[in-house]
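Observations on chain architecture
For reference, the chains in residue letters:
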Amino acid sequence: QVQLVESGGRLVQAGGSLRLSCAASGRTFSSYAMGWFRQAPGKEREFVAAINWSGGRTYYADSVKGRFTISRDNAKNTVTLQMNSLKPEDTAVYYCAAVRRQIVVPLTSYEYDYWGQGTQVTVSS
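Residues numbered from 1 in each chain as written. Predicted model: local features only at pLDDT ≥ 70, side-chain atom pairs only at ≥ 80, totals over all residues. Heavy atoms only, no water.

Once that is clear, we can look at the overall build of the chain. Scanning the chain from N- to C-terminus turns up 0 helices and 11 strands. Reading the helices (α) and strands (β) of the chain from amino to carboxyl end gives β-β-β-β-β-β-β-β-β-β-β. Over its C-alpha trace the chain gives a radius of gyration of 13 Å, about what one expects of a compact globule, namely 14 Å for 125 residues. Each of the 125 residues in the chain was classed as buried or not, and the buried ones make up 43%. Contacts in the chain between residues far apart in sequence, at least 24 positions, make up 60% of those at least 6 positions apart. (Helix = DSSP H or I, 4+ residues; strand = E, 2+ residues; numbered from the N terminus. Rg over C-alpha atoms; globule rule 2.2 N^0.38 Å. Buried < 20%, exposed > 50% of the residue type's maximum accessible area, 1.4 Å probe, protein only. Contact = heavy atoms within 4.5 Å.)

Here's what the structure looks like:
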């Protein structure tokens, strides 16, 4: 069982940066692949970024590639999403997710077992 708590979301101007953090409970954090997803009003939840158990492999949606960076610290049970050059279309609730997987890193929301409560990111133009 893993509990996830996101933080760091706020209102920011276009072109600005934000750093989202996800704190995970449990002693087996390094056994989990981690992902970030987002959901804008009236839209489906979409994949943003994912990282494998060791941090050696990362994956990004085309819409954020080159602007966002996912990383993890297994000693601190945290995963971070650094978001740069933010755009108004990045406005959404951002969710952290976890799945006990060490080989294949899922890129779809239905493959993740544990979710945080979400943190709101609003980018003003």
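A word on the state of the cysteines. A complete count under the given rule lists 1 disulfide for this structure. A disulfide bridge connects Cys 22 with Cys 96, and the sulfur atoms are separated by 2.1 Å. The sign of the -80 degrees torsion about the S-S bond sets the Cys 22-Cys 96 disulfide as left-handed. Here Cys 22, found in strand E3 (residues 18–24), pairs with Cys 96, found in strand E9 (residues 92–100); they are 74 residues apart in sequence, far enough to count as distant. The buried category is assigned to Cys 22, whose relative accessible area is 0%. (Disulfide = S-S within 2.5 Å.)

Below, the discussion takes up the pairing of strand E1 (residues 4–7). The alternating pattern of E1 places Leu 4 and Glu 6 on a buried face, while none of Val 5 and Ser 7, on the opposite face, is buried. When E1 meets E3, the two strands line up antiparallel, connected through 4 bridges. Counted as the bridge partner of Val 5 is Ala 23 from E3. (Pairing = 2+ DSSP bridges.)

All told, the structure shown has 6 aromatic pairs when counted by the stated rule. When the centroid spacing of 6.1 Å and the interplanar angle of 70 degrees are considered together, the rings of Tyr 32 and Tyr 114 count as edge-to-face. Taken together, the residues Tyr 32 in strand E4 (residues 32–39) and Tyr 114 in strand E10 (residues 114–115) connect sequence positions 82 residues apart. For Tyr 114, a relative accessible area of 21% puts it in the partly exposed group. Between the aromatic rings of Tyr 112 and Trp 115, the centroid separation amounts to 6.3 Å while the plane-to-plane angle is 65 degrees, which identifies the pairing as edge-to-face. What links up through ring pairs into an aromatic cluster is the set Phe 37, Phe 47, Tyr 95, Tyr 112 and Trp 115. When the ring centre of Trp 115 is taken as origin, the NZ or CZ atom of Arg 45, which lies over that ring, is 4.7 Å away. (Phe/Tyr/Trp six-rings, centres within 6.5 Å; stacked < 30°, edge-to-face > 60°. Lys NZ or Arg CZ within 6 Å of the ring centre and 35° of its normal.)

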